[in-house]
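Spelled out from the first residue to the last, the chains are:
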Amino acid sequence: MEGVIAANLAAIRGRIAAAARGAGRDGDAVSLVAVSKTHPASSVAEALRAGQRLFGENRVQEALGKYPALRREFPDLVLHLIGPLQTNKVRDAVAHFDVIETVDRTRLAEALASEMERSGRRLPCFIEVNTGEEAQKSGVAPQEADAFIADCRNRLGLPVVGLMCVPPLGEEPSPHFALLREIAGRNGLAGLSMGMSADFEIAIRFGATHVRVGTAIFGARRQPLAAAG
Ligand SMILES: *Cc1c(COP(=O)(O)O)cnc(C)c1O
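Fair warning: this is a prediction, and the values are worked out from it, not measured in the lab. (Residues numbered from 1 in each chain as written. Predicted model: local features only at pLDDT ≥ 70, side-chain atom pairs only at ≥ 80, totals over all residues. Heavy atoms only, no water.)

Looking now at the overall build of the protein. Secondary structure assignment for the protein yields nine helices and eight strands. A compact globule built from 229 residues would reach a C-alpha radius of gyration of about 17 Å, and the protein, at 17 Å, matches this within 12%. Projected onto its principal axes, the C-alpha positions of the protein cover 50 × 40 × 30 Å. Out of the 229 residues in the protein, the part that is buried amounts to 52%. At a minimum sequence separation of 6, the contacts of the protein that also span at least 24 residues come to 62%. Roughly 10200 Å² of accessible area belongs to the protein as shown, and the carbon and sulfur atoms make up 52% of that amount. Averaging the positions of the 27 positive and the 26 negative side-chain charges in the protein gives two centres separated by 4 Å. (Helix = DSSP H or I, 4+ residues; strand = E, 2+ residues; numbered from the N terminus. Rg over C-alpha atoms; globule rule 2.2 N^0.38 Å. Buried < 20%, exposed > 50% of the residue type's maximum accessible area, 1.4 Å probe, protein only. Contact = heavy atoms within 4.5 Å. Areas by Shrake-Rupley, 256 points an atom, 1.4 Å probe, with all protein chains shown as cover. Lys, Arg positive; Asp, Glu negative; His and termini not counted. Charge placed at Lys NZ, Arg CZ, Asp CG, Glu CD.)

So, in structure tokens, the structure goes:
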């Protein structure tokens with residue numbers, strides 16, 4: 001399979017550039033987060049050899065098994081946590097990830113703030129917004145987002161850089177992307193992590209700064225993990 005991942009990456013990069021151009025945006029303004037969950041370290045290594053440096057994993061434990069060895073070979077790789085984070089895994093998450101995209105509740109924000117203080121590792125954070133207000137999905141409710149963002153920044157001093165969302169499966173994603181952009185805009189946040197394999201071009205039209213693409217790079221996942229855990 002050597003070569004397939006490199007070819008997929010090249011194709012996705014081309015589509016990102018075209019979508020950005022079509023939206024009158026600079027292609028460099030959109031970062032590709034290659035989502036490697038469930039895929040082996042050998043697949044990540046192929047992506048690294050093809051020049052990809054930014055990756056996303058949704059489980060702390062799985063990332064711990066794969067990434068420390070890859071980092072020794074590629075010290076400039078950057079790893080985003082894109083899945084739900086339990087407070088008892090905060091220490092490992094802060095030690096092994098570079099960006100936390102899924103800050104979604106006060107207890108977690110507090111735990112992250114104190115671990116960052118303790119460890120001296122200040123990780124940029126995205127706040128996850130449950131734009132579809134789905135009961136089973138993580139993320140802060142849209143109407144609570146402003147207060148939560150303010151609390152994370154002002155009381156806890158978290159380095160909040162943007163917002164992240166996973167729109168409801170099978171729904172037209174545009175209104176969700178628009179809502180995320182609106183909340184980010186009124187809170188002065190530049191980062192917008194939105195868009196996956198099926199809809200990243202639409203997300204780019206709505207201002208995505210980070211698209212999280214798994215399947216279109218690494219192929220189908222064997223066990224279908226729920227997008228938002
Ligand atoms: C798995 C996952 C992705 C990637 O999804 P694909 O459809 O495989 O591109 C993006 N974001 C989150 C939060 C995920 O869990």
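Tracing the chain through its elements places Ser193 in strand E7 (residues 191–193). Along the chain, Ser193 and Ala18 lie 175 residues apart, while their C-alpha atoms are 18 Å from each other. Filtering out sequence-adjacent residues up to four positions away, Ser193 remains in contact with Glu101, Phe126, Leu163, Met164, Cys165, Leu180, His210 and Arg212.

Quick look at the packing of aromatic side chains now. Enumeration over the complete set of coordinates arrives at two aromatic pairs. Between Phe55 and Tyr67, the aromatic rings sit 6.1 Å apart at their centres with planes inclined by 55°, giving tilted as the arrangement. In this pair, Phe55 sits in strand E2 (residues 54–57) while Tyr67 sits in helix H3 (residues 60–73), placing the two residues twelve residues apart along the sequence. By the burial criterion, Phe55 is buried, and Tyr67 matches it. (Phe/Tyr/Trp six-rings, centres within 6.5 Å; stacked < 30°, edge-to-face > 60°.)

Attention shifts here to the packing of helix H1 (residues 4–22) against helix H2 (residues 41–49). Where H1 meets H2, the closest approach of the two axes is 8 Å, and the angle between their N-to-C directions is 55°. Here H1 lies oblique to H2, going by the angle between them. Crossing handedness for the pair H1 and H2: right-handed. Here H1 contributes Val4, Ile5, Ala6 and Leu9 to the contact with H2, which in turn contributes Ser43, Glu46 and Ala47. By residue class, the composition of the contact of H1 with H2 is five nonpolar, one polar and one charged. (Axes fitted to C-alpha atoms, helices over the stretch in contact; angles between N-to-C directions. Parallel < 35°, antiparallel > 145°, perpendicular 65-115°, else oblique. Left-handed = near helix turned anticlockwise from the far one by under 90°. Nonpolar A, V, L, I, M, F, W, Y, C, P; charged D, E, K, R; others polar.)

Looking at Ser193, the relative accessible area reads 0%, which means it is buried. Of the polar contacts made by the side chain of Ser193, one reaches the side chain of Glu101; its length is 2.6 Å. (Polar contact = N/O pair within 3.5 Å; in protein donor to acceptor, adjacent residues only side chain to side chain.)

Tallying each qualifying case throughout the model produces 14 salt bridges. The partner of Lys137 in a salt bridge is Glu134, and the shortest N-O contact between them spans 2.8 Å. Looking at Lys137, the relative accessible area reads 15%, which means it is buried. In this structure, the salt-bridge partner of Arg155 is Asp151, at a minimum N-O distance of 2.7 Å. One end of the pair, Arg155, and the other, Asp151, are both in helix H6 (residues 145–155), four residues apart, so they sit about a helical turn from each other. Using a relative accessible area of 21% as the deciding quantity, one classes Asp151 as partly exposed. (Salt bridge = Lys/Arg side-chain N within 4 Å of Asp/Glu carboxyl O.)

In this structure, Ile100, Val103, Leu112 and Leu158 are the most contacted members of the largest nonpolar core, which totals 65 residues. Among residues more than four places away in sequence, those in contact with Leu158 are Val103, Ala109, Leu112, Ala113, Met116, Arg122, Cys125, Cys152 and Arg153. (Core = buried A, V, L, I, M, F, W, Y, C linked by side-chain atoms within 4.5 Å.)

So, on to the pairing of strand E8 (residues 210–213). The alternating pattern of E8 places His210 and Arg212 on one face and Val211 and Val213 on the opposite face, and all of these are buried. Where strand E1 (residues 31–35) lies against E8, four bridges are found, and the strand directions are parallel. Directly across from Ala34, in E8, lies its bridge partner Val213. (Pairing = 2+ DSSP bridges.)

As a further point, take the environment of Pro84. Considering the arrangement of structural elements, one finds Pro84 in the loop between strand E3 (78–81) and helix H4 (90–96). Spatially, the C-alpha atoms of Pro84 and Val211 are 18 Å apart, while their sequence positions differ by 127 residues.

All told, the structure shown has zero disulfides when counted by the stated rule. With no disulfide of its own, Cys152 lies 7.8 Å from the sulfur of Cys125, the closest cysteine sulfur. Unpaired in this structure, Cys165 has its nearest cysteine sulfur neighbour in Cys152, at a distance of 17 Å. (Disulfide = S-S within 2.5 Å.)

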